[in-house]
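# Topology and contacts: notes
Residue strings, one per chain:
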Amino acid sequence: MSEGSSLLPQLIATLGATLGAFALGNVIAWPATAIYQIGDEDKMELTTEQESQVVAISMIGSAVVPIVAAFSFPAIGKKWTLIALSVPFIGGWVVLVFANSYGMLLAGRILTGFSGGAFVLAAPAYTAEIAEAKYRGALGALMQLMVCFGILFINVNCSTNWQLLSGLCIAFPALLAVWMFFMPRSPVFLVSKGNMEEARKSLQFLRGKNAKIDGELAMIEEDVKQSKSMGTVGPMQLFTNPQYLKPMGISLVLMSLQQLSGINYVLSYSTLIFKSSGSDIDSCLSAMMVGAIQVGGTFLTTLIIEKFGRKVLLVISDFFICVSMVGVAVFFKMYEDCAECKFEAISTNSTSDAFNSSATTMAASVFVSEATINNFGWLPLVSLLVFVFSFSIGFGPIPWVMNVELMPPEARGIAASVCTSFNWIISYIVAKFIPTLGESIHASSCYFIFAAIALVGTVFIILVVPETKGKSGEEIRNLFSGKSSQDLKKVNAALLSKTFA
């Protein structure tokens, strides 16, 4: 830590890097507006299968990112990787602006998904290398906050023509490229390349012109030497050595729970979900409220993550995700069992047909009146607002933070890449197949499944996930070696009392 350091330059650099996260938020929420509008237009007719592919294909683009990052990070560093990614990102939005066919929609979504997914990997890596330890958690959580702002931007503009909205989204990767051009390279990267003079200038900029940086620069140099002496971990070691396999396994499970909560499905189809509920509340207004709640929850996390720790927030987050999904499931189950309810289709081929078909099916022994449905029209909105807030205070930012914190430096690069690709593959599976599954087993069953997964996840976090708040890299490493099992039990047993003391 540098004496007399300032947060402001670190925040400015992090904001520049996380503009890519804002742009990713645009990519995630874009289908909520575009798919609904395309269904009302005559120039493109998409089947349910095609609509789900347009939503999900961006996640395949994101999943291949680590392959590129494995070459670009050590070669040109995180800063220039971020700048370079703005080119395909802008290209993808341009394709969507002029899209007039299913193929163009897929091409634009793949390009924007690839670039947005790369930003998610590059931005936290850059932030982790420029931030002081005391700001690491808060600045790391800022990435998810920017994703939420990007989603809110789309939700606020949900009535804007989808092609015009695509054009507006070009501004954000372009702004990132300009912003990051004036930001310094990571001092860690510069030291690793032997460029000590530039590393000193970079660190001085990031800590403030009056900060004394000699001690911190010496520590960075020593850490880089130690990392080089240890070398890097290959895939075989990652999957055979317990000190690497255990933390990576925890990170993989957290990534799975993050996506199997249904978050990207809910955000990508938010407008259609509210429409399909039959609620009188305006679906566009509901989507805006979802975006605003997500921003508020994630901002709160940046303020409290270093006080409450990672584990407590994850437990609270997953428990209330479970509760909120039960609320949504109960409403849709009532709606499916309402013989009087007549659902006005958004379009004959809309993805919301997954809900339409279920709405016409009534259990023989159950009858729910239309008046009851109207009385509970608020339930899906409130439940989804609780869901989004709960996700934002825990499962939004924290799996990405712990993805970096849990792994030793020599294994961090390859493990983070594996976990990131895995995250996006799970996200693709959810976004692609849940609409089809909903046609088979009804919407309510899908939400009950999300709730069950969240309940299992809550138990897993309580029993298995360690607390990393305030721990050094060596202390975290020891948690997964044989000598630290007793320490881990003590941490888990005393966590709540320590947090609220």
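This report concerns the structure included in the present document. (Residues numbered from 1 in each chain as written. Predicted model: local features only at pLDDT ≥ 70, side-chain atom pairs only at ≥ 80, totals over all residues. Heavy atoms only, no water.)

What follows is about helix α2 (residues 48–63). An α-helix turns once every 3.6 residues. As a result, residues three or four positions apart point the same way. For α2, built from 16 residues, the straight-helix expectation of 22 Å at 1.5 Å per residue is met to within 8% by its first-to-last C-alpha distance of 23 Å. Taking the largest bend as the criterion, α2 deviates by roughly 35°, centred on V55. With 13 of its 16 residues buried, α2 lies for the most part within the structure. (Helix = DSSP H or I, 4+ residues; strand = E, 2+ residues; numbered from the N terminus. Expected span 1.5 Å × (residues − 1). Bend = angle between axes of the 7 residues up to and from the residue. Buried < 20%, exposed > 50% of the residue type's maximum accessible area, 1.4 Å probe, protein only.)

A few words on the environment of A125. Within the secondary structure, A125 sits in helix α4 (residues 102–130). Taking the C-alpha atoms as reference points, A125 and A17, separated by 108 residues in sequence, lie 9.9 Å from one another.

For any pair of aromatic rings, the description consists of the separation of the ring centres together with the inter-plane angle of the planes. Using the criterion set out here, one finds 13 aromatic pairs in the structure. Plain terms: the ring middles of W30 and W162 are 6.0 Å apart, the flat faces sit at 75° to each other, and that makes the pair edge-to-face. One end of the pair, W30, is in helix α1 (residues 7–40); the other, W162, is in helix α6 (residues 162–168), with 132 residues separating them in the sequence. The same class applies to W30 as to W162, namely buried. Judged by centre distance (5.1 Å) and plane angle (80°), the ring pair of F153 and F172 falls under edge-to-face. Note that F153 is positioned in helix α5 (residues 136–156) and F172 in helix α7 (residues 171–181), a separation of 19 residues in sequence. For F172, a relative accessible area of 16% puts it in the buried group. By the ring-pair criterion, three or more aromatic residues cluster together here, those being F331, F332, Y447 and F450. Above the ring of F308, the side-chain terminus of K307 is found at 5.7 Å from the ring centroid. Over the ring of F433 we find K432; its NZ or CZ atom is 5.3 Å from the centre of that ring. (Phe/Tyr/Trp six-rings, centres within 6.5 Å; stacked < 30°, edge-to-face > 60°. Lys NZ or Arg CZ within 6 Å of the ring centre and 35° of its normal.)

Attention now goes to the pattern of salt bridges. Across all of its chains, the model carries seven salt bridges by this definition. With a closest N to O distance of 3.7 Å, K201 and E198 form a salt bridge. One end of the pair is K201 and the other is E198, both in helix α9 (residues 196–207) and three residues apart, which spans about a single turn. E198 sits in the partly exposed class, given a relative accessible area of 35%. With a closest N to O distance of 2.7 Å, R207 and E216 form a salt bridge. A residue is classified by how much of its surface remains accessible, and R207, at 1% relative accessible area, is buried. Judged by relative accessible area, which is 9%, E216 ranks as buried. (Salt bridge = Lys/Arg side-chain N within 4 Å of Asp/Glu carboxyl O.)

Bringing the environment of I263 into the picture now. Looking at the element boundaries, I263 is found in helix α13 (residues 263–268). In the structure, I263 is positioned 164 residues away from S427 in sequence and 8.7 Å away in space, judged by C-alpha atoms.

With that out of the way, let us pick up α5. Given a rise of 1.5 Å per residue, 21 residues ought to cover 30 Å, and the 31 Å separating the end C-alpha atoms of α5 matches this to within 8%. Along its length, α5 shows its largest kink, about 25°, at M143. A large share of α5 lies buried, amounting to 15 of its 21 residues.

With respect to the element layout, K79 can be found in helix α3 (residues 65–97). The buried charged residue K79 lacks any salt bridge partner; its closest oppositely charged side chain belongs to E198, at an N-O distance of 8.5 Å. Within the local environment of K79, its side chain forms a polar contact with the backbone oxygen of F181, the two atoms lying 3.3 Å apart. Among all residues touching K79, those that are not within four sequence positions of it are Y126, M180, F181, M183, P184 and R185. (Lys, Arg positive; Asp, Glu negative; His and termini not counted. Polar contact = N/O pair within 3.5 Å; in protein donor to acceptor, adjacent residues only side chain to side chain. Contact = heavy atoms within 4.5 Å.)

Here we come to the nonpolar core. Counting residues in each nonpolar core, the largest one holds 72 residues, and the members touching the most others are W30, L105, W162, M180 and L238. Excluding residues within four positions of it along the chain, L238 makes contact with V233, Y244, L245, M248, M407, A411, I414, A415 and V418. Of all hydrophobic cores here, the second largest spans 48 residues; its members include Y265, V328, L381 and A454. (Core = buried A, V, L, I, M, F, W, Y, C linked by side-chain atoms within 4.5 Å.)

This paragraph deals with the packing of helix α12 (residues 242–260) against helix α20 (residues 398–405). The N-to-C vectors of α12 and α20 enclose an angle of 165°; their axes lie 10 Å apart at closest approach. One element, α12, and the other, α20, form an angle in the roughly antiparallel class. Considering only the axes of α12 and α20, their crossing is left-handed. Contact with α12, carried on its side by S251, L254, M255 and Q258, involves P399, W400, M402 and N403 of α20 and no other residues of that element. Looking at the contact of α12 with α20 residue by residue, the classes come out as five nonpolar, three polar and no charged. (Axes fitted to C-alpha atoms, helices over the stretch in contact; angles between N-to-C directions. Parallel < 35°, antiparallel > 145°, perpendicular 65-115°, else oblique. Left-handed = near helix turned anticlockwise from the far one by under 90°. Nonpolar A, V, L, I, M, F, W, Y, C, P; charged D, E, K, R; others polar.)

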